[in-house]
Amino acid sequence: MDAVPANLRLAVSPGQLLLENAPKEARPAGWARLKVLACGICGTDLHLLHGMKLPIGAAYPIFPGHEVAAEVIEADPGCGPQPGSRVVLHPLLTCGRCQECISGRENHCASGEMLGVHRAGGLAQEMIWRSDRLVPADDLDPQQAALLPDAVATAFHALRRSNLPQGGKLAVIGSGGVGTNILQISRALDPAVTLVAVVNSEGTARRISELGIPVIHGLEGAGRACKADFGEMDAVIDFSGAEAAPNEAIRMLRKGGRLVLGSVRDERVSLATSYTGLMTREIEIVGSYSSTLSDLRAVTELVRSGQLSLAGLVTHIFALEEAEQAFAVLEQRPAGMVRVVVTA
Ligand SMILES: [Zn+2]
Ligand SMILES: [Zn+2]
């Protein structure tokens, strides 16, 4: 008798990727069984592969994949998207009952579980996910839709955190996938916004310039250059994680302006400004972490309505069987790479 693979999925342990045939997971009530159509991979997946201190409740081997576009193949009748629907998955399972969840800050839910970390993710043929965390995406290209749950929703959340006023001025430092999405979303929401991108590489400069957005090359002196050429910014969002970014950002801001820190950087923040300088200018510094289900709904709607285009952001596509190559490309970051997607 032929052994039919139950469910091909990727298992990650520190330094090791393994494609394995796993039995199908049981589907609890209120959950949907999903056929994965496309799954993006990002720096988080690389950290998992390199071996990182896992959040409480997670253990190796990890079954990664938190940027998922899928088709529903089983669901409870009347509960969320039904079989045949295409969806994107919000990557956080929240409790829905704690103070954070109730007050709209579900990204801080203390008992939240992360798809592709605590729970088996989308680098698989099939998976299960709670129906209330699915967002309909029927008319979207799955490979582009797979960008929505992480790179695009995170960008939207950071933009919300910036409190950018209508017709305001925004500088974005670091214009990879998330940074590019911030620029595009802010313009989609408000065509009168003034945008500036601080970029590192020639390739990124060209890509951002083609969107009609002015660029400043290199972080050194970017604060002064930005002020001289574009005036003071209402907000600056950093997704570069570069050491000098907060300093340069603060030089760009107007009084009462807001700096949003969205990158991952374990070192201390050093600011070459005085306490009094921050106080008298009433500078605000805030963090932006992940996204909420409502952020994912909002960006999905922006793409469905044609206000936001994700064209050109998926630069590398691999089959699930080629997962090792996909991770290698992500590691090497070849020129022109923006997002890497795996199709099941
Ligand atoms: Zn990601
Ligand atoms: Zn909660």
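Residues numbered from 1 in each chain as written. Chains lettered and ligands numbered in written order. Predicted model: local features only at pLDDT ≥ 70, side-chain atom pairs only at ≥ 80, totals over all residues. Heavy atoms only, no water.

A.B. asks: Hey, could you run me through the domain arrangement of the chain in this one?
C.D. replies: One frequently used descriptor of interface size is the decrease in accessible area upon assembly of the parts. When the domains of the chain are assigned, the result is domain 1 (8-147 + 310-343) and domain 2 (155-287). Averaged C-alpha coordinates put domain 1 and domain 2 at centres separated by 29 Å. For the interface between domain 1 and domain 2, the tally reads 0 salt bridges. If you look at where domain 1 meets domain 2, you find 1 residue pair in polar contact (both at pLDDT 80 or more). Class assignment of the residues belonging to the side of domain 1 that touches domain 2 gives a composition of 3 nonpolar, 1 polar and 1 charged. (Domains from an automatic or database assignment. Salt bridge = Lys/Arg side-chain N within 4 Å of Asp/Glu carboxyl O. Polar contact = N/O pair within 3.5 Å; in protein donor to acceptor, adjacent residues only side chain to side chain. Nonpolar A, V, L, I, M, F, W, Y, C, P; charged D, E, K, R; others polar.)

A.B. asks: Which parts of the structure should I look at to understand the coordination of the zinc ion (ligand 1)?
C.D. replies: Each protein donor to the zinc ion (ligand 1) is listed here as Cys42 (SG), His66 (NE2), Glu67 (OE) and Asp150 (OD); together their distances run 1.8 to 2.2 Å. Geometry at the zinc ion (ligand 1) is tetrahedral, judged from its 4 donor atoms and the angles of 100 to 123 degrees they form at the metal. Between consecutive donors of the zinc ion (ligand 1), the numbers of intervening residues give the motif C-x23-H-E-x82-D. Of this pair, His66 sits in the loop between helix H1 (43-50) and strand E4 (67-74) while Asp150 is found in helix H4 (residues 148-161), placing the two residues 84 residues apart along the sequence. Among the residues examined, His66 registers a relative accessible area of 2% and is labelled buried. (Donors = N, O, S within 2.8 Å, 3.2 Å for Na, K, Ca; no water. Tetrahedral: all angles 85-135°; square planar, octahedral: opposite > 155°, others 65-115°. Helix = DSSP H or I, 4+ residues; strand = E, 2+ residues; numbered from the N terminus. Buried < 20%, exposed > 50% of the residue type's maximum accessible area, 1.4 Å probe, protein only.)

A.B. asks: Quick question: what am I supposed to make of the coordination of the zinc ion (ligand 2) here?
C.D. replies: By definition of the ideal shapes, a tetrahedral metal site with four donors has angles of 109.5 degrees and an octahedral site with six donors has angles of 90 or 180 degrees. Protein-derived ligands of the zinc ion (ligand 2) are Cys95 (SG), Cys98 (SG), Cys101 (SG) and Cys109 (SG), with the metal-ligand distances lying across 2.3 to 2.4 Å. Every donor counted, the 4 donor atoms about the zinc ion (ligand 2) form angles of 105 to 118 degrees at the centre, which fits tetrahedral coordination. Between the donor residues of the zinc ion (ligand 2), the gaps in sequence give the motif C-x2-C-x2-C-x7-C.

A.B. asks: Would you mind showing me how to read the packing of H4 against helix H5 (residues 177-189) here?
C.D. replies: When two helices pack together, their arrangement is given by the angle between their axes and by how far apart the axes lie. At their nearest, the axes of H4 and H5 sit 8 Å apart, and the two run at 60 degrees to each other. Accordingly, the angle class assigned to the pair H4 and H5 is oblique. When you trace H4 past H5, the crossing you get is right-handed. Contact residues: H4 offers Ala151, Val152, Thr154, Ala155, Phe156, Ala158 and Leu159, while H5 offers Val178, Asn181, Ile182, Ile185, Ser186 and Leu189. For the contact of H4 with H5, the per-class residue count stands at 10 nonpolar, 3 polar and no charged. (Axes fitted to C-alpha atoms, helices over the stretch in contact; angles between N-to-C directions. Parallel < 35°, antiparallel > 145°, perpendicular 65-115°, else oblique. Left-handed = near helix turned anticlockwise from the far one by under 90°. Contact = heavy atoms within 4.5 Å.)

A.B. asks: Quick question: what am I supposed to make of the packing of H1 against helix H11 (residues 323-332) here?
C.D. replies: Interhelical geometry of H1 versus H11 gives an angle of 105 degrees and a closest axis separation of 10 Å. Our classification of the angle between H1 and H11 gives roughly perpendicular. Note on element contacts: H11 touches H1 through Phe327, Leu330 and Glu331, opposite Gly43, Asp45, Leu46, Leu49 and His50. Considered class by class, the residues forming the contact of H1 with H11 number 4 nonpolar, 2 polar and 2 charged.

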